[in-house]
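Working through the structure, step by step
Listed below, chain by chain, are the residues.
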Amino acid sequence: MVSNINSIMTYCNNCGHQSHCGTNFSVEDEDGFTGEAYMREICKHCRCEKCESNYEDEEKYNIES
């Protein structure tokens, strides 16, 4: 039996992680020197199939004077 999980999930074309539309993508990491945990920002702007289709829909109604 073949699963279609990947056909449902969308991924960001900037960072390659799962879509994070409208939010930054950060991961918790550990400092190698002190061992303290901190949040590391991976991607500031999602660019997935959902985001790009929304952008195209908005732009088609953009009228320049």
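Look up a bit, the structure's there.
To start, this report covers the structure provided alongside it. Just so we're clear, the structure is a prediction, and the values are computed from it rather than from any experiment.

Right, let's get into the overall build of the protein. Counting its secondary structure elements, the protein contains 2 helices and 2 strands. Taken from the N to the C terminus, the helices and strands of the protein come in the order α-β-β-α. By residue count, 11% of the 65 residues in the protein fall in the buried class. Across the protein, every contact between residues at least 6 apart in sequence was considered, and the portion connecting residues at least 24 apart equals 42%. Surface summary for the protein: the accessible area is close to 5800 Å², and the carbon and sulfur share equals 48%.

Another point: the side chain of Thr10. Structurally, Thr10 is set in the loop between helix H1 (5-8) and strand S1 (25-30). You can call Thr10 buried: its relative accessible area is 15%. Of note is the side chain of Thr10, whose polar atom sits 2.5 Å from the side chain of Ser19. In contact with Thr10, other than residues within four places in its own chain, are Gln18, Ser19, Cys48, Glu49 and Lys50.

A separate point is the nonpolar core. With 5 residues, the main nonpolar core is built from Cys12, Cys43, Cys46, Cys48 and Cys51. Residue contacts for Cys51: discarding those within four places in its chain leaves Cys21 and Cys46.

A pair can form between side chains of opposite charge whenever their charged atoms are brought close. Per the counting criterion, the structure on display carries 1 salt bridge. A salt bridge links Arg40 to Asp29, with the shortest nitrogen-to-oxygen separation between them at 2.9 Å. Of the two residues, Arg40 is situated in strand S2 (residues 37-43) and Asp29 in strand S1; the sequence distance between them amounts to 11 residues. We classify Asp29 as partly exposed; its relative accessible area is 26%.

For His17, the location among the structural elements is in the loop between H1 and S1. On the accessibility criterion, His17 (32% relative accessible area) is partly exposed. Linking His17 and Ile42, residues 25 residues apart in sequence, is a C-alpha distance of 9.3 Å.

Conventions we followed
- Residues numbered from 1 in each chain as written.
- Predicted model: local features only at pLDDT ≥ 70, side-chain atom pairs only at ≥ 80, totals over all residues.
- Heavy atoms only, no water.
- Helix = DSSP H or I, 4+ residues; strand = E, 2+ residues; numbered from the N terminus.
- Buried < 20%, exposed > 50% of the residue type's maximum accessible area, 1.4 Å probe, protein only.
- Contact = heavy atoms within 4.5 Å.
- Areas by Shrake-Rupley, 256 points an atom, 1.4 Å probe, with all protein chains shown as cover.
- Polar contact = N/O pair within 3.5 Å; in protein donor to acceptor, adjacent residues only side chain to side chain.
- Core = buried A, V, L, I, M, F, W, Y, C linked by side-chain atoms within 4.5 Å.
- Salt bridge = Lys/Arg side-chain N within 4 Å of Asp/Glu carboxyl O.

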